[in-house]
Amino acid sequence: MNLSLQPRHWVLLVFVASALYAHFRGRVRFGMVRALLDFQVLLAPVNALMYLFSRTPRSAFIDPREFPEMQVLTDHWQLIREEALRLNEQGAIRAADGHIDMGFNSFFRTGWKRFYLSWYGQEMPSAEAACPRTVALLKGIPSVKAAMFASLPPGATLVRHRDPYAGSLRYHLGLATPNDPGCYIEVDGQRHHWRDGQAVMFDETYIHHAANGTQQQRVILFCDVERPLWFAPARWFNRFFARHVMSAAATQNVPGEHVGAFNRFFKGFYALRQKAKDLKKRSRTTYYVGKWALIIAALWALFW
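The present account deals with the structure reproduced in this document. All values reported here derive from a predicted model rather than from experimental measurement.

### Quick word on the overall build of the protein
Phase 1: A count of helices and strands for the protein gives 11 helices and 11 strands.
Phase 2: Relative to a compact globule of 304 residues, whose C-alpha radius of gyration would be 19 Å, the protein shows 20 Å and is just as compact.
Phase 3: For the protein, the C-alpha atoms occupy an extent of roughly 70 × 50 × 40 Å along the three principal directions.
Phase 4: Taking all 304 residues of the protein together, the buried fraction comes to 47%.
Phase 5: In the protein, the share of contacts with a sequence separation of at least 24, taken over all contacts with a separation of at least 6, comes to 75%.
Phase 6: For the protein, the computed accessible surface area is about 15500 Å², with 62% contributed by carbon and sulfur atoms.
Phase 7: Between the mean site of the 37 positive side-chain charges and the mean site of the 23 negative ones, the protein shows a separation of 10 Å.

### Some points on the state of the cysteines
What is meant by a disulfide is a covalent connection between two cysteines, made through their sulfur atoms.
Phase 1: Under the defined criterion, the tally for this structure stands at zero disulfides.
Phase 2: Left without a disulfide partner, C223 is nearest to the cysteine sulfur of C131, which lies 12 Å away.

### Points about the nonpolar core
Phase 1: Ranked by size, the top nonpolar core spans 67 residues in total, and within it L73, L117 and F149 carry the most contacts.
Phase 2: With seven residues, strand 4 (residues 144-152) is the single largest residue contributor to this core.
Phase 3: With five residues, the next largest nonpolar core counts M50, Y51, A166 and A234 among its residues.

Definitions and cut-offs
- Residues numbered from 1 in each chain as written.
- Predicted model: local features only at pLDDT ≥ 70, side-chain atom pairs only at ≥ 80, totals over all residues.
- Heavy atoms only, no water.
- Helix = DSSP H or I, 4+ residues; strand = E, 2+ residues; numbered from the N terminus.
- Rg over C-alpha atoms; globule rule 2.2 N^0.38 Å.
- Buried < 20%, exposed > 50% of the residue type's maximum accessible area, 1.4 Å probe, protein only.
- Contact = heavy atoms within 4.5 Å.
- Areas by Shrake-Rupley, 256 points an atom, 1.4 Å probe, with all protein chains shown as cover.
- Lys, Arg positive; Asp, Glu negative; His and termini not counted.
- Charge placed at Lys NZ, Arg CZ, Asp CG, Glu CD.
- Disulfide = S-S within 2.5 Å.
- Core = buried A, V, L, I, M, F, W, Y, C linked by side-chain atoms within 4.5 Å.

Just distances and angles here, no functional claims.
Here's what the structure looks like:
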């Protein structure tokens, strides 16, 4: 009997091993079924490479002082705050129009809002016009791959989730916050509350959630910062992936700005997803039988 594995079986093993590593690396975990069906599984081998060569500590929170190039943002936080609050007063920090922001689509339903400043090489003309000083500061930091102003109004929450891509780390700079423990983010079981003028960095591929239990809006500067890696080919691959894959998730602040391929696809996909939700309301049994039949058929087609 020939027990040697075919290439497609090795591919399956790599995906499963990478997904299991991502699942067990944190203290807070999803259930096994959700973990293996989570969107992050699609990027599990890429993320395993990022974790393997990462120069940062393997912890949920990372000391911002390890990224001295980010200090210029803290030094100018009041200038950045001024531009952010002007946009906020104009209503420009808001949810997306339609389903064209797949990365954050689910957050809009619970109150989260944003205004993009840049996205993985995709410049935002609306940001250049509305907040030129903040955009200029960000352009002076090559490791910042994406940035936005993000709002969490009173009573808003973000459900437990983990971001799909480990090639970056998340940077938050408090601009106008409640300065109160009732407005917080919890990453892998560790809680932090935002403060005006103070920065925090964390690994967004750990499970995290956020809530604003105060009566004051929270506005922050939100950045994706390139994860430092030890191995030059790993750094090259990370930048290539960011430039050609992550950039496809670009979206717009105002009509007429570029919308990436992923979000154009998501707009059409969401219409089908809505029909699936309607089916789930009518018959949960039919919905779940159909869902698992599609998953099993896809796995069979790919690997057997």
